[in-house]
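In case you want the letters, here they are:
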Amino acid sequence: MATAEPIIMPGYQGEAIYGPYDDPDGDSDADSGVPDYTGASVEQVFELFSATAPKGWRVELIEGEICVTPPANGEHEEIVSELSGQIRDHDKGLGRYTGIGLDVPGASRTGHVVPDLVIAPKGSFSDSEEWHDPSPVLLVAEVTSDSTAERDREKKIHGYARAGIPLYLLIDREAGEAVVHSEPSANEYAKSSRCKLGLAVSLPAPLGFELDTAEF
């Protein structure tokens, strides 16, 4: 039997499953009408999950793992909205994108990520592609939830750094802090600064302003 790479599905209590290749009950699916995906690559299975995910669910390929996340709650979206608004007030020439898919170098052939917020010059994504070149991106931001915190803190950093994205802003609700990663180098960011939520956070170039997290 072919061995699949882990599929992480936080929408189902965050457990790792090893489908659709496995047959945990020992019964064959040959007569069940379920397609046989034995031998499929993780990218092919990712495309399957993307095509069948419920509306509003986010499907990403992060460091070789397929991650499926349910829609965010209102508190999460309020933080994203406040962050977007402050960046708009700082520079109205920048586009503020939610739901934009980025191709980033990953542990598999590539990675497909959908950051909570992407900042890039307006017009950077004016094409019909689903997954975009990250080269115009100035900043990506993630706001943690219980089901996403670990990968936001640890796994997504690698793809964003490899892609050369200048700034990765992590609003870590569980830890009560904002983390600014800057100066991408290989698989990591050379600099990281932490600040308690509620205080002003300095965002270095290419943005270069203080973010007020009092509303976070």
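Anything mentioned here points back to the structure above.
Right, let's walk through the structure included here. (Residues numbered from 1 in each chain as written. Predicted model: local features only at pLDDT ≥ 70, side-chain atom pairs only at ≥ 80, totals over all residues. Heavy atoms only, no water.)

1. Points about the side chain of Asp172
Among the structural elements, Asp172 can be located in strand β11 (residues 167-172). Of note is the side chain of Asp172, whose polar atom sits 2.6 Å from the side chain of Arg153. Apart from residues no more than four positions distant in its own chain, Asp172 is found in contact with Thr144, Arg153, Glu177 and Leu197. (Helix = DSSP H or I, 4+ residues; strand = E, 2+ residues; numbered from the N terminus. Polar contact = N/O pair within 3.5 Å; in protein donor to acceptor, adjacent residues only side chain to side chain. Contact = heavy atoms within 4.5 Å.)

2. Some details on the packing of aromatic side chains
The way to describe two aromatic rings as a pair is by their centre distance and the angle between their planes. Scanning all chains against the criterion turns up three aromatic pairs. Here the aromatic rings of Tyr160 and Tyr168 are separated by 5.0 Å at their centres, their planes lie at 65°, and the arrangement is edge-to-face. The exposure class of Tyr160 is buried, given its relative accessible area of 0%. Tyr168 sits in the buried class, given a relative accessible area of 0%. (Phe/Tyr/Trp six-rings, centres within 6.5 Å; stacked < 30°, edge-to-face > 60°. Buried < 20%, exposed > 50% of the residue type's maximum accessible area, 1.4 Å probe, protein only.)

3. Re empty space enclosed by the protein
Per the counting criterion, the structure on display carries one cavity of 30 Å³ or more. Estimated volume of the largest cavity: approximately 40 Å³. Considering the residues around the largest cavity, the lining is formed by Leu61, Ile62, Glu63, Val104, Pro105, Gly106, Gly111, Val113, Lys155, Lys156 and Gly159. For the lining of the largest cavity, the secondary structure elements donating two or more residues are β3 (58-62), β7 (111-113) and α3 (149-162). When its residues are assigned to classes, the lining of the largest cavity shows five nonpolar, three polar and three charged. (1 Å grid on protein atoms, 1.4 Å probe; cavity = no way out; pocket = protein on both sides within 12 Å on 5 of 7 lines; lining within 4 Å. Points joined across faces, edges and corners; volume = space filled by probe spheres on them. Nonpolar A, V, L, I, M, F, W, Y, C, P; charged D, E, K, R; others polar.)

4. Overview of the layout of surface pockets
Its volume calculated, the largest pocket comes out at about 400 Å³. If you go around the largest pocket, you meet 25 residues; those closest to its centre are Arg58, Thr69, Pro70, Ala72 and His76. Broken down by secondary-structure element, the contributors of at least two residues to the lining of the largest pocket are β3, α2 (74-90), β10 (139-143) and α3. Tallied by class, the residues present in the lining of the largest pocket amount to six nonpolar, nine polar and ten charged.

5. Description of the nonpolar core
A general feature of soluble globular proteins is that nonpolar side chains tend to end up buried together. One finds Leu83, Leu139, Leu169, Leu203 and Leu207 to be the most contacted residues of the largest nonpolar core, which totals 23 residues. Contributions of two or more residues to this core are made by α2, β8 (117-121), β10, β11, β12 (177-185), β14 (200-203) and β15 (209-212). With four residues, α2 is the largest single contributor of residues to this core. Once you skip the residues sitting within four places of it in the chain, Leu169 turns out to touch Leu83, Leu139, Val140, Ala141, Glu142, Val179, Val180, Leu203 and Leu211. Membership of the second largest hydrophobic core comes to 20 residues, among which are Ile62, Val140, Ala161 and Ile165. (Core = buried A, V, L, I, M, F, W, Y, C linked by side-chain atoms within 4.5 Å.)

Without other data, these values stay purely geometric and don't point to any function.
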